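Coordinates in review
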Amino acid sequence: MTQSDPIFRLEGVTRRYGNLTALDGIDFVAEDNSYIALLGPSGSGKTSLLRVIAGFETPDKGRIWFQGRDITDLPAHERGIGFVFQNFALFPHLTIFENVAFGLRHGATKVPDAEITDRVRASIDMVGLSGLEDRNPDQISGGQKQRVALARSLVMQPKLVLLDEPLGALDANLRERMQTELRAIRERLDVTFLHVTGSETEALAMGDRVAVLDAGRIIQHGTPDSIYDSPAVSDVAQFLNRFNMFEGSLKDGMFHGAFGAVSVASARPNDTDVYAIRYDRTRIFDADASDLPGPALPVRYLASEYLGSSIIFLFETADHKTVEVDHHLSLGEPRDLTVGQNYVLSWDPAQAIVFGKESAR
Amino acid sequence: MESKVLKPILAVYVGLFILFLYGPFIVLGILSFQQGPEGGPQFPILSWSTYWYQHLFGLTPPSRIAPLPVGEALVRSLTLAFMTMVTATVLGVMAAQAFRKRFRGAGVVFYLIVLGMMVPGVLTGLGTSLLANNVVGIERHWWSTAFLAHVVYTFPFAFLVMLAILNRFDGSVEEASWSLGVSPITTFRKVTFPLIFPGVLSAMLFAFTLSFDEFPRTLFASGRDQTLPLAIYGTFSVEIHPNIFAFGVMTTLFSFALLSVYGILMGLSVRRAKKMAMQEDIA
């Protein structure tokens, strides 16, 4: 199979809980053998979507296709889709070995004992847990549980594994290590991962493709850099948490905001008028500076956060909106700022992204 | 300040509670060691002996006091309690399992089930006997009509115990099993059941002891052959001898033995439950 064959396809999938529409006519095509990150804030319906694909819940409307076959009415245990839970959901009464062997032992097709042993050992080895086979789930750490959950799923050789915020229960350090490992493990096997997360950094770091879900709809789908560099609507820019977003009004090619009026070359269709400039494209100037590259936003300096490779400076505008500036340390030493002092922020208007009701121009 | 007053009061309260709980049994226990055959249910004890225990097993020389007619009744009651226990527990587990999903009329069905333990026992017994005799037209037996009455009575208890257990049960382990290609039936056998086993044990214990003790429902529903509580009650109408007390001590010891088995099995499975709880805490 080449990479462009779809592994699964959603057609107008809708799921309602009473009056609440969790999934609102979702269309989605997923490439085979890829890592797809599904980014959405809590309540966006991302877990519902996974549960519908897994077959734990049935959609009210729409069809689900998997490997070219309509599986909408198939029960979960006949779908052959793996699922990794946020709380791992290991079988507490079984050893690690028996946890991983569970699907092979009790599934529909009989697998000989010798083969079970081989496959389970290989799977446990792959996630780096050899030697822990006889432990119980309460005798291993959170990261190890995550690996067991993964091994248990992968030993069934599924073509698609759904991961429901798999790193959410791990501490930051472990999360980064597992990110790398998840990617490496996936690349070794011919399998597609659909990884749901609420963390924009996780989604951008892990996905070959990223889909952004909001209020039960997929509002953007593409490569991480295309999403990062060019968010389709202001909500996406908001989730990415990398943009200073200003409200204002767009009229006749001019955006009027807290920084005055700026001429705008093009705008993306959106429900509201929003002007967005990336944290790391926003620059700091003295209050009386005259050689600004673009619009002037008067601000007061609040505080800074040191992040190792960069520093985040926090400012406050006249209307008490917090504005962030990300200064990468490879660009040189940051300026010395005095807390409470007034400064001016500016940027190259060509690097701004403008969303507007009045879109085309 | 407060605890200086409150604590002694509560302590006295607890003391009284325990006294009333175990007092009758202690009195029975003492009286069961009364001298025989002339000693009766009176204080002070004439002299200590194990006469009534020997009398119970027919080891004493014949006297004017007839042996207790409880042998067959005991077997009957044990059999009935066992049958009731199995049936009520299976039904209870199944019903509670059904209630994990909301279904139409769930509220009504819930109250209909629970009502079974509220309805006065005598009425249920009488009703069962009338239904059997006059409406359906079958004979009453301890293993048919009384059995039904016992199941109707104990099933709600088993149901409520299982409902409480399944309420706390994290269904994601079942979903994990399905996603591994394991059918719902195998999932129930291999995942759900082992994890809810402590609850099943409790439900079984409830059903067994309630059925073993049951009097009012059995009185009308059991027909000719008596169960143990009925047989014991029957002996009261003649004259009370300490052999009943000896028998009471024996059955209580039997109950304790049953509880110990329960305790051991529970201890074994609680270790599992702890593991499950730990896993939930992380989530």
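Since this is a predicted model, take the numbers as computed values, not measurements.

A few points about the overall build of chain A
Looking only at helices and strands, chain A has eight helices and 22 strands in total. In terms of its C-alpha atoms, chain A occupies a principal-axis envelope of roughly 80 × 45 × 40 Å. Here chain A holds 361 residues, and 40% of them are scored as buried. When contacts within chain A are restricted to residue pairs at least 6 apart in sequence, long-range pairs at least 24 apart make up 68% of them.

Some points on the overall build of chain B
Counting secondary structure elements, chain B contains eleven helices and zero strands. Taken against the 2.2 N^0.38 rule, which gives 19 Å for 283 residues, the C-alpha radius of gyration of chain B at 24 Å runs more than 25% over that of a compact globule. Projected onto its principal axes, the C-alpha positions of chain B cover 75 × 65 × 40 Å. For chain B, with 283 residues in total, the buried portion stands at 35%.

What about the domain arrangement of chain A?
Residue and element names in this part refer to chain A. Here chain A is partitioned into domain 1 (6–235) and domain 2 (242–356). Relative to domain 2, the C-alpha centre of domain 1 lies at a distance of 38 Å. Each partner contributes residues to the interface: domain 1 has four residues there, and domain 2 has eight residues. Taken together, the residues of the side of domain 1 that touches domain 2 break down into three nonpolar, one polar and no charged.

Quick look at the sheet that holds strand S12 (residues 249–251) of chain A
All names here are of chain A. With respect to topology, three strands assemble into an open sheet ordered S12-S13-S14, the strand pairing being antiparallel. One side of each edge strand has no neighbouring strand; the edge strands of this open sheet are S12 and strand S14 (260–263). Taking the axes of each pair of neighbouring strands and ignoring which way they run, one obtains an average angle of 25 degrees across the sheet. Here strand S13 (residues 254–257) pairs with S14 via four bridges, running antiparallel.

A closer look at the sheet that holds strand S9 (residues 209–214) of chain A
Residue and element names in this part refer to chain A. Taken in spatial order, the six strands make up an open sheet running S6-S7-S8-S3-S9-S10, and their pairing is mixed. A strand with exactly one partner marks an edge of an open sheet, and here the two such strands are strand S6 (81–84) and strand S10 (217–222). Shown here is a sheet whose adjacent strand axes are inclined to one another by a mean of 20 degrees, direction ignored. Note that strand S3 (residues 35–39) and strand S8 (residues 192–197) share five bridges and pair parallel. When the bridges of S8 are listed, Ile36 appears paired with Leu194.

Some details on the interface of chain B and chain A
Contact residues are listed per partner, giving 24 residues for chain B and 29 residues for chain A. For the side of chain B that touches chain A, the secondary-structure elements that each account for two or more residues are helix H7 (172–179), helix H8 (184–213) and helix H11 (243–282) of chain B. For the side of chain B that touches chain A, the element with the most residues is H7 of chain B, which contributes seven residues. Across the side of chain B that touches chain A, the residue classes break down as 13 nonpolar, seven polar and four charged.

Concerning unusual backbone geometry
All names here are of chain A. Even without being glycine, Phe88 reaches a positive phi, approximately 70 degrees. Since 25 C-beta atoms lie within 10 Å of it, Phe88 is described here as buried. At Glu165, a residue that is not glycine, the phi angle is positive and equals roughly 40 degrees. With respect to the helices, strands and loops of the structure, Glu165 is situated in the loop between strand S7 (160–164) and helix H5 (172–188).

Details of the pairing of strand S22 (residues 353–356) of chain A
All names here are of chain A. Residues of S22 alternate between two faces, with Ile353 and Phe355 on one and Val354 and Gly356 on the opposite face, all of them buried. Pairing analysis gives two bridges linking strand S15 (residues 268–269) to S22, with the strands arranged parallel. Bridging from a neighbouring strand, Arg268 pairs with Phe355 of S22.

A word on H8 of chain B
Over its 30 residues, H8 of chain B runs only 37 Å from end to end, short of the ideal 44 Å by more than 12%, given 1.5 Å per residue. Along H8 of chain B, the sharpest change in direction is near 60 degrees and occurs at Phe197 of chain B; proline Pro198 of chain B comes one to four residues later.

Remarks on the domain arrangement of chain B
What the domain assignment reports for chain B is domain 1 (1–67 + 239–255) and domain 2 (71–238). The straight-line distance from the C-alpha centre of domain 1 of chain B to that of domain 2 of chain B is 31 Å.

Looking at helix H3 (residues 113–126) of chain A
All names here are of chain A. The terminal C-alpha atoms of H3, which comprises 14 residues, lie 20 Å apart, in line with the 20 Å expected from a rise of 1.5 Å per residue. Those residues of H3 not exposed but buried are Val120, Ser123 and Ile124. All buried residues of H3 project into a common sector of 95 degrees when viewed along the axis, lining one side. For H3, the exposed residues set more than 90 degrees away from the buried face come down to Ala114, Glu115, Asp118 and Asp125. On its buried face, H3 sits against helix H2 (96–106) and helix H4 (142–154). Backbone geometry just downstream of H3 places Gly128 in the positive-phi region, at approximately 75 degrees.

Things to note about the nonpolar core
Among the nonpolar cores identified, the biggest contains 126 residues, and Leu162 of chain A together with Ala158 of chain B are the most heavily contacted of them. Top element by residues in this core is helix H6 (residues 145–167) of chain B. It accounts for 14 residues. If we ignore the near neighbours within four places in the chain, the residues touching Leu162 of chain A are Leu50, Ile53, Ala54, Ile81, Gly82, Phe83 and Leu194 of chain A. Membership of the second largest hydrophobic core comes to 16 residues, among which are Tyr53, Leu56, Ile244 and Phe245 of chain B.

Details of the confidence of the model for chain B
Looking at chain B as a whole, the pLDDT averages 85, with 95% of positions reaching at least 70. Ranking the elements of chain B by mean pLDDT puts H11 of chain B last, at 76, and H7 of chain B first, at 95.

Quick look at the packing of H7 of chain B against H8 of chain B
Residue and element names in this part refer to chain B. One can describe the packing of H7 onto H8 by two numbers: an axis separation of 10 Å at closest approach and a directional angle of 130 degrees. The pairing of H7 with H8 is recorded here as oblique in orientation. Seen from above, H7 lies across H8 with right-handed handedness. From H7, Val173, Glu174, Ser177 and Trp178 reach across to H8, where they touch Pro184, Thr187, Val191 and Thr192. Here the residues of the contact of H7 with H8 are counted per class, giving four nonpolar, three polar and one charged.

Some words on the environment of Pro229 of chain B
All names here are of chain B. Checked against the element boundaries, Pro229 lands in helix H10 (residues 228–236). Residues Pro229 and Leu74, 155 residues apart in the sequence, show an inter-C-alpha distance of 8.8 Å. Residues contacting Pro229, with those up to four places away along its chain left out, are Asp213, Glu214, Phe215 and Thr218.

What counts, and at which threshold
- Residues numbered from 1 in each chain as written.
- Chains lettered and ligands numbered in written order.
- Predicted model: local features only at pLDDT ≥ 70, side-chain atom pairs only at ≥ 80, totals over all residues.
- Helix = DSSP H or I, 4+ residues; strand = E, 2+ residues; numbered from the N terminus.
- Buried ≥ 20, exposed ≤ 12 C-beta atoms within 10 Å, placed from the backbone.
- Contact = placed C-beta atoms within 7 Å.
- Rg over C-alpha atoms; globule rule 2.2 N^0.38 Å.
- Domains from an automatic or database assignment.
- Nonpolar A, V, L, I, M, F, W, Y, C, P; charged D, E, K, R; others polar.
- Pairing = 2+ DSSP bridges.
- Axes fitted to C-alpha atoms, helices over the stretch in contact; angles between N-to-C directions.
- Expected span 1.5 Å × (residues − 1).
- Bend = angle between axes of the 7 residues up to and from the residue.
- Arc of directions from axis to C-beta.
- Core = buried A, V, L, I, M, F, W, Y, C linked by C-beta atoms within 7 Å.
- pLDDT = per-residue confidence, 0-100.
- Parallel < 35°, antiparallel > 145°, perpendicular 65-115°, else oblique.
- Left-handed = near helix turned anticlockwise from the far one by under 90°.

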